[in-house]
Amino acid sequence: MILRDIFKFREVPETETSKPFLEHLEDLRWTIVKIAMTLAAAMIICFTFRSTLVRILQAPLRDVGSQIGTLKALGITDSIVISFHLAFYAGIVLSFPLLLYFIAEFVLPALTAVEKRFLLPAIIVSFALFLLGVSVCYFWLLPKTILFFFRDTESLGWAPTWTVQQYYSFVTRFTIGFGLAFELPVVVLALVRFGLITYRFILATIITPTPDILTLIAMALPMCLLYESCIWIAWLMERRSARSIAE
């Protein structure tokens, strides 16, 4: 009974004014509570396997070799603090489908029939793209990035001595950020579908460079491919919409 209430979609109001504003706020509050509880449960699960998470995230250091030595823990509470950070980011990855589901559960009653049919595939594709982005970053980009910075530090005559806090902060944010960056096609398609942007707007964003040169270099190739796909898909969607209106 409790699980059925948790995963039950909001009831669609008969009219726009049939449901008071405070009830919408109550629905939003419960959505936030369910998201927080899901993320907390995922964090607890991930925290119990923190040793495994540590081994997984330190795997890219193998490309650097034994030259880097052992990561240094400078703070007394580093083991607990970093474990919580790892559990938080891993919990996001683990609970990502449910988080998307609860968000969809809240917004679905406000959507039209066409938009509802679009929502479920969007959730599935979003999770798939998120995992793809995380995988591409972890298996391909992250080892090369770590090796590059290691050799660049050595080229200046410095001894690379990385702390656990610096390393895990960089790895987790870089990996999660790359996974979220792969959500770009779904976000763009949703905005185009709802008529908020056009393919001309997407094209204009490419002309404006990012001020962060490291992010630009790291994400140049995949982001260019994602932008290009967004432009063509948005153009096709607008063309199809124009044809349907003309008919």
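All figures in this text were calculated on a predicted structure; none of them were measured in a lab. (Residues numbered from 1 in each chain as written. Predicted model: local features only at pLDDT ≥ 70, side-chain atom pairs only at ≥ 80, totals over all residues. Heavy atoms only, no water.)

(A) How the structure looks around the overall build of the chain. Of the regular secondary structure elements, the chain holds nine helices and zero strands. Along the chain, helices (α) and strands (β) appear in the sequence α-α-α-α-α-α-α-α-α when read from the amino end. Within the chain, the proportion of its 247 residues that are buried is 36%. Only carbon and sulfur atoms are counted for the fraction: they give 70% of the accessible area of the chain, which is about 15,900 Å². (Helix = DSSP H or I, 4+ residues; strand = E, 2+ residues; numbered from the N terminus. Buried < 20%, exposed > 50% of the residue type's maximum accessible area, 1.4 Å probe, protein only. Areas by Shrake-Rupley, 256 points an atom, 1.4 Å probe, with all protein chains shown as cover.)

(B) Looking closely at the pattern of salt bridges. In this structure the tally under the stated criterion is one salt bridge. The residue E26 makes a salt bridge to R29 at a minimum N-O spacing of 2.7 Å. Residue E26 and its partner R29 are both found in helix α2 (residues 21-48); the two are separated by three residues, about one turn of the helix. According to the relative accessible area criterion, E26 is partly exposed, its value standing at 33%. (Salt bridge = Lys/Arg side-chain N within 4 Å of Asp/Glu carboxyl O.)

(C) Up close: a nonpolar patch on the surface. Together, L22, L25, L28 and I32 make up a nonpolar patch on the protein surface, roughly 370 Å² of accessible area in all. Mapped onto the fold, L22 is located in helix α2. (Patch = residues over 30% accessible without salt bridge, like charges linked within 9 Å, V, L, I, M, F, W, Y side chains within 5 Å.)

(D) Broad picture of the packing of aromatic side chains. Evaluated as defined, the whole model comprises 13 aromatic pairs. One aromatic cluster is present, built from ring pairs that chain together F148, F149, F170, F174, F178 and F182. We note R29 situated over the ring of W30; from NZ or CZ to the ring centre the distance is 5.0 Å. (Phe/Tyr/Trp six-rings, centres within 6.5 Å; stacked < 30°, edge-to-face > 60°. Lys NZ or Arg CZ within 6 Å of the ring centre and 35° of its normal.)

(E) Up close: the nonpolar core. Counting residues in each nonpolar core, the largest one holds 29 residues, and the members touching the most others are L71, L142, I146, W162, Y167 and Y168. Mapped by element, the contributors of at least two residues to this core are α3 (50-58), α4 (78-107), α5 (113-155) and α6 (164-181). At nine residues, α5 tops the list of elements feeding residues into this core. Of all hydrophobic cores here, the second largest spans 12 residues; its members include F96, L100, L119 and I123. (Core = buried A, V, L, I, M, F, W, Y, C linked by side-chain atoms within 4.5 Å.)

(F) Focus on α6. Across its 18 residues, α6 extends 25 Å between first and last C-alpha, which sits within 8% of the 26 Å expected from 1.5 Å per residue. For α6, every residue scored as buried is listed here: V164, Y167, Y168, V171, T172, F174, T175, I176, F178, G179 and A181. (Expected span 1.5 Å × (residues − 1).)

(G) Structural view of the environment of P97. Assignment of secondary structure puts P97 in helix α4. P97 sits 31 residues away from A128 along the chain, and the two C-alpha atoms are 9.7 Å apart.

(H) Representation of the packing of α4 against α6 within the structure. As a packed pair, α4 and α6 sit with axes 11 Å apart at the nearest point and diverge in direction by 10°. Comparing their axes, α6 and α4 come out roughly parallel. For the pair α4 and α6, contact is made by D78, I82, L86, Y89 and V93 and by V164, Q165, Y168, T172, R173 and I176, respectively. A class-by-class count of the residues in the contact of α4 with α6 yields seven nonpolar, two polar and two charged. (Axes fitted to C-alpha atoms, helices over the stretch in contact; angles between N-to-C directions. Parallel < 35°, antiparallel > 145°, perpendicular 65-115°, else oblique. Contact = heavy atoms within 4.5 Å. Nonpolar A, V, L, I, M, F, W, Y, C, P; charged D, E, K, R; others polar.)

(I) Just the environment of R173, in detail. Its place among the elements puts R173 in helix α6. Its relative accessible area of 57% is what places R173 among the exposed residues.

(J) How the structure looks around the packing of α3 against α6. Contact pair α3 / α6: the axes reach a minimum separation of 11 Å and the direction vectors enclose 80°. With respect to each other, α3 and α6 are oriented roughly perpendicular. In this structure, α3 contributes V54, L57 and Q58 to the contact, and α6 contributes Y167, Y168, V171 and T172.

(K) Inspection of the confidence of the model for the chain at higher detail. Of the residues in the chain, 64% have a pLDDT of 70 or more, and the chain-wide mean is 75. Mean pLDDT in the chain bottoms out at helix α8 (residues 199-207), which sits at 45, and peaks at α3, which reaches 89. Taken as a whole, residues 202-212 scores under 50 in pLDDT and shows 12 contacts with residues more than four places along the chain or in a different chain. (pLDDT = per-residue confidence, 0-100.)

(L) View of the side chain of T163. If you trace the backbone, T163 turns up in the loop between α5 and α6. Among the residues examined, T163 registers a relative accessible area of 11% and is labelled buried. Reaching out from T163, the side chain makes a polar contact with the backbone nitrogen of Q166 at a distance of 3.2 Å. (Polar contact = N/O pair within 3.5 Å; in protein donor to acceptor, adjacent residues only side chain to side chain.)

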